[in-house]
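Structural characterization, general
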Amino acid sequence: MSDSESTQIGDYRTSHIERGENYDRNLAKDPFDAYMCDMERVHLQRILPQLFPDGIARYLDFACGTARITHTVAPFARETIGVDLSPSMLAAARQRCPGVRFVEADLTRAAIDLGTFDLATAFRFFGNAQPTLRQQVLQVLADLVRPEGYLVLNNHRNPRSLAALFHRLTGGKPEMDLTHHALQQLLAKHGFQVVNSLPIGAWLYRSRMLGQVRTVDGGSLRREAMFGHRFLAPVAPDTILVARRRA
Ligand SMILES: C[S@@+](CC[C@H](N)C(=O)[O-])C[C@H]1O[C@@H](n2cnc3c(N)ncnc32)[C@H](O)[C@@H]1O
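Attention in this report is confined to the structure presented alongside it. Predicted, not measured: the structure shown is a model, and the values here were computed from it. (Residues numbered from 1 in each chain as written. Predicted model: local features only at pLDDT ≥ 70, side-chain atom pairs only at ≥ 80, totals over all residues. Heavy atoms only, no water.)

What about the site of the ligand?
The local shell around the ligand holds 20 residues, among which Tyr-23, Ala-63, Arg-68, Asp-84 and Phe-123 are the closest. A distance of 2.7 Å separates a nitrogen atom of the ligand from a polar backbone atom of Ala-63. One of the side-chain nitrogen or oxygen atoms of Asp-84 is found 2.7 Å away from an oxygen atom of the ligand. With the chains in place, 100% of the 600 Å² that the ligand exposes on its own is no longer accessible. A breakdown of the residues in the shell around the ligand according to their chemical character gives 11 nonpolar, 3 polar and 6 charged. (Near = heavy atom within 4 Å. Polar contact = N/O pair within 3.5 Å; in protein donor to acceptor, adjacent residues only side chain to side chain. Areas by Shrake-Rupley, 256 points an atom, 1.4 Å probe, with all protein chains shown as cover. Nonpolar A, V, L, I, M, F, W, Y, C, P; charged D, E, K, R; others polar.)

Some words on the pairing of strand S4 (residues 117-122)
Here S4 lies mainly inside the structure; 6 of its 6 residues are buried. Strand direction decides the pairing type here: strand S1 (residues 56-62) and S4, joined by 3 bridges, are parallel. The partner of Leu-60 across the bridge, within S4, is Ala-120. Bridging between S4 and strand S5 (residues 145-155) involves 5 bridges; their strand directions are parallel. Its bridge partner lying in S5, Thr-121 is registered against Val-152. Crossover handedness for the path S4 to helix H5 (residues 131-144) to S5: right-handed. (Buried < 20%, exposed > 50% of the residue type's maximum accessible area, 1.4 Å probe, protein only. Helix = DSSP H or I, 4+ residues; strand = E, 2+ residues; numbered from the N terminus. Pairing = 2+ DSSP bridges. Right-handed = clockwise from strand over helix to strand, strands pointing away.)

Digging into the packing of aromatic side chains
This model, assessed by the stated rule, comprises 7 aromatic pairs. Ring geometry for Tyr-12 against Phe-125: centres 5.8 Å apart, planes inclined by 65 degrees, an arrangement best described as edge-to-face. Note that Tyr-12 is positioned in the segment before helix H1 (23-29) and Phe-125 in the loop between S4 and H5, a separation of 113 residues in sequence. Under the relative-accessibility criterion, Tyr-12 is labelled buried at 9%. When its relative accessible area of 7% is taken as the criterion, Phe-125 is described as buried. (Phe/Tyr/Trp six-rings, centres within 6.5 Å; stacked < 30°, edge-to-face > 60°.)

A word on the environment of Leu-169
On the secondary structure map, Leu-169 appears in helix H6 (residues 162-169). Sequence separation between Leu-169 and Arg-245 is 76 residues; the distance between their C-alpha atoms is 38 Å.

Description of the nonpolar core
Ranked by size, the top nonpolar core spans 33 residues in total, and within it Leu-60, Phe-126, Leu-141, Leu-187 and Phe-192 carry the most contacts. The set of elements that each furnish at least two residues to this core consists of S1, strand S2 (77-84), S4, H5, S5, helix H7 (180-189), strand S6 (192-200) and strand S7 (238-245). Of the residues forming this core, the biggest block, 7 residues, is contributed by H5. One finds Leu-48, Ile-69, Leu-204 and Ile-240 within the second-largest nonpolar core, a separate group that totals 26 residues. (Core = buried A, V, L, I, M, F, W, Y, C linked by side-chain atoms within 4.5 Å.)

In structure tokens:
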């Protein structure tokens, strides 16, 4: 399977230090990355007004990178903060969202008082990060998201997706390790209950299809609706999870 990001080797913290200049271009070049970006935007724009009918008071985009997700969510929020440790990713983020406050920090290593948030997002992070970093970040996010607030995140590296299973059956080497079930358990361990799962691309059952998918159109939206039931999240290549912080 293709992915323009790093593999899960070493410390994920260092993975994007110098990638800010090319990150968005690389995502746009890969058909499935571009498709996931489009579908993530479609889902977020639909679910956020349902979760926050009165708007979001305080929103944190953790590991915001170049503000791909910040840019979609900030219009629903009265205050937005993006945090990332990569200066080059943040330089691109500041250009994309000039009105947003971006903080260069690794919150797992430096305590910065940002207050608490009604919503945090963390996209394209957990699937890539090494297990210890996933745990450290969830500990931090559990303190930053207020009780009954939401953490909306994704797992775009599901090793049990149909496409990944076919890939392995046909001799491909195993890639990442974070299954849908494992992520749910990790969230539960840190006080987050998954209240919804939105699978993306569950109908793409061969890894070859991921490289051929076109940008989102009427046909793909219909297929996503048909294969969008949360029970298909365990076999989808990408899933958005909506998790509520326990009271
Ligand atoms: C693949 S990018 C995702 C960017 C953005 N969320 C998106 O979905 O396009 C992963 C980001 O995680 C950041 N990152 C890794 N470890 C981090 C940490 N401990 N604290 C903050 N950011 C971190 C990297 O610098 C990188 O910008």
